[in-house]
Amino acid sequence: MSLYDDAVLVLKGYEDQEELRQTYLDHLAAHPDGLWKACHAGHLTASALVVDPSRERVLLTLHRKLRMWLQMGGHCEPQDTSLESAALREATEESGVTGLTLLPGGPVRLDRHPIPAPCHWHLDVQYAVLAPPEADVTISDESLDVRWFPYGEVADVADESVVRLLESTRARL
């Protein structure tokens, strides 16, 4: 199965955010290249919120370009076979944590946000992953910092999109 076919299947199976889900599906139908950064009308991305084994903290990255605390994530790559594998790859690359495990049940939520030109939109498919005990964290080239935050502190450092992702993740847990 191609990454495109996987994305359509995942989105068709996603049962929340009906209007936004349909926007993603319409985008893919209109743009067969809608999974790739080169699609200037916008493209799907895959991200993952990393949750510690005690389920009391999340790992956020201080994004180098945006200078915002965000979940791990980014663009799909040719080697990705699914949106899940793209989210897991991005979370591993950006956190340095090996042995991450996807929360079952598919995406936790969707988030569409504008990005600077030449592209216009990121249509992010957001997952949640559990870190193994004693996870070893490293800072990637895309980050200024990587840090664990108790759930109660996330709203103090991150924007509403991350807070909504945390809320949806906690509901799934």
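Above this text you will find the structure in question.
Computed from a predicted structure; not experimentally measured.

Undergrad: For this particular structure, what's the right way to read helix H2 (residues 18–30)?
TA: Spacing of three or four residues puts side chains on the same side of an α-helix, whose turn is 3.6 residues. With 13 residues, H2 extends 18 Å from end C-alpha to end C-alpha; this agrees with the ideal 18 Å at 1.5 Å per step. Within the sequence span of H2, burial applies to Arg21, Tyr24, Leu25, His27 and Leu28. Summarising the axial view, the buried residues of H2 lie within an arc of 155 degrees, below the 170-degree limit, and thus occupy one face. For H2, exposure combined with an orientation more than 90 degrees from the buried face picks out Glu19, Ala29 and Ala30. Check the buried side of H2 and you find it contacts helix H1 (3–13), strand E1 (43–51), strand E6 (109–114) and strand E7 (121–130).

Undergrad: Explain the pattern of salt bridges here, please?
TA: Opposite charge on two side chains permits them to pair, given that their charged atoms come into close proximity. Per the counting criterion, the structure on display carries 7 salt bridges. Between Asp111 and Arg164 there is a salt bridge, and its shortest N-O distance comes to 3.5 Å. Of the two residues, Asp111 is situated in strand E6 and Arg164 in helix H5 (residues 160–172); the sequence distance between them amounts to 53 residues. Overall, Asp111 belongs to the buried group, its relative accessible area being 8%. A cluster of three or more residues bridged by salt bridges with shared partners is formed by Asp80, Arg89, Glu90 and Glu93.

Undergrad: I tried to follow the pairing of strand E2 (residues 57–63) on my own but got confused; where do I start?
TA: Two faces belong to every sheet, and in a regular strand the side chains alternate between them. Counting buried residues in E2 gives 5 out of 7 residues, a clear majority hidden from the surface. Across 2 bridges, E1 lies against E2 in antiparallel orientation. The residue bridging Val50 from the neighbouring strand is Leu59, located in E2. Pairing geometry for E2 and strand E8 (residues 143–150), over 7 bridges, is antiparallel. Counterpart to Leu60 in the pairing with E8 is Arg147. Bridge analysis of E2 against strand E3 (residues 69–70) gives 2 bridges, and the strand direction is antiparallel.

Undergrad: Could you clarify how one ought to interpret the nonpolar core in this entry?
TA: Of all hydrophobic cores here, the largest spans 31 residues; its most connected members are Leu11, Leu35, Leu44, Val50, Leu83 and Val125. For this core, the secondary-structure elements that each account for two or more residues are H1, H2, E1, helix H3 (83–95), E7 and E8. If one sorts the elements of this core by residue count, H1 sits on top with 5 residues. For Leu44, the contacting residues outside a window of four places in its chain are Ala7, Leu11, Tyr24, His27, Leu28, Gly34, Leu35, Cys76, Leu83, Leu123 and Val125. If you look at the next biggest cluster of nonpolar residues, it comprises 19 residues, including Val58, Leu103, Phe149 and Leu166.

Undergrad: In this structure, what is going on with the packing of aromatic side chains? I would like to understand it.
TA: Aromatic rings in a pair are described by how distant their centres are and how their planes are angled relative to each other. Scanning the entire structure with this criterion turns up 1 aromatic pair. Sitting over the face of the ring of Trp121, Arg112 holds its NZ or CZ atom 3.6 Å from the ring centroid.

Undergrad: Just to check I follow, could you spell out the side chain of Asp111 for this structure?
TA: Reaching out from Asp111, the side chain makes a polar contact with the side chain of His113 at a distance of 2.8 Å. Setting aside residues up to four positions removed in sequence, Asp111 forms contacts with Leu20, Tyr24, His122, Leu123, Asp124, Gln126, Ser161 and Arg164.

Cut-off values and rules
- Residues numbered from 1 in each chain as written.
- Predicted model: local features only at pLDDT ≥ 70, side-chain atom pairs only at ≥ 80, totals over all residues.
- Heavy atoms only, no water.
- Helix = DSSP H or I, 4+ residues; strand = E, 2+ residues; numbered from the N terminus.
- Expected span 1.5 Å × (residues − 1).
- Buried < 20%, exposed > 50% of the residue type's maximum accessible area, 1.4 Å probe, protein only.
- Arc of directions from axis to C-beta.
- Contact = heavy atoms within 4.5 Å.
- Salt bridge = Lys/Arg side-chain N within 4 Å of Asp/Glu carboxyl O.
- Pairing = 2+ DSSP bridges.
- Core = buried A, V, L, I, M, F, W, Y, C linked by side-chain atoms within 4.5 Å.
- Phe/Tyr/Trp six-rings, centres within 6.5 Å; stacked < 30°, edge-to-face > 60°.
- Lys NZ or Arg CZ within 6 Å of the ring centre and 35° of its normal.
- Polar contact = N/O pair within 3.5 Å; in protein donor to acceptor, adjacent residues only side chain to side chain.

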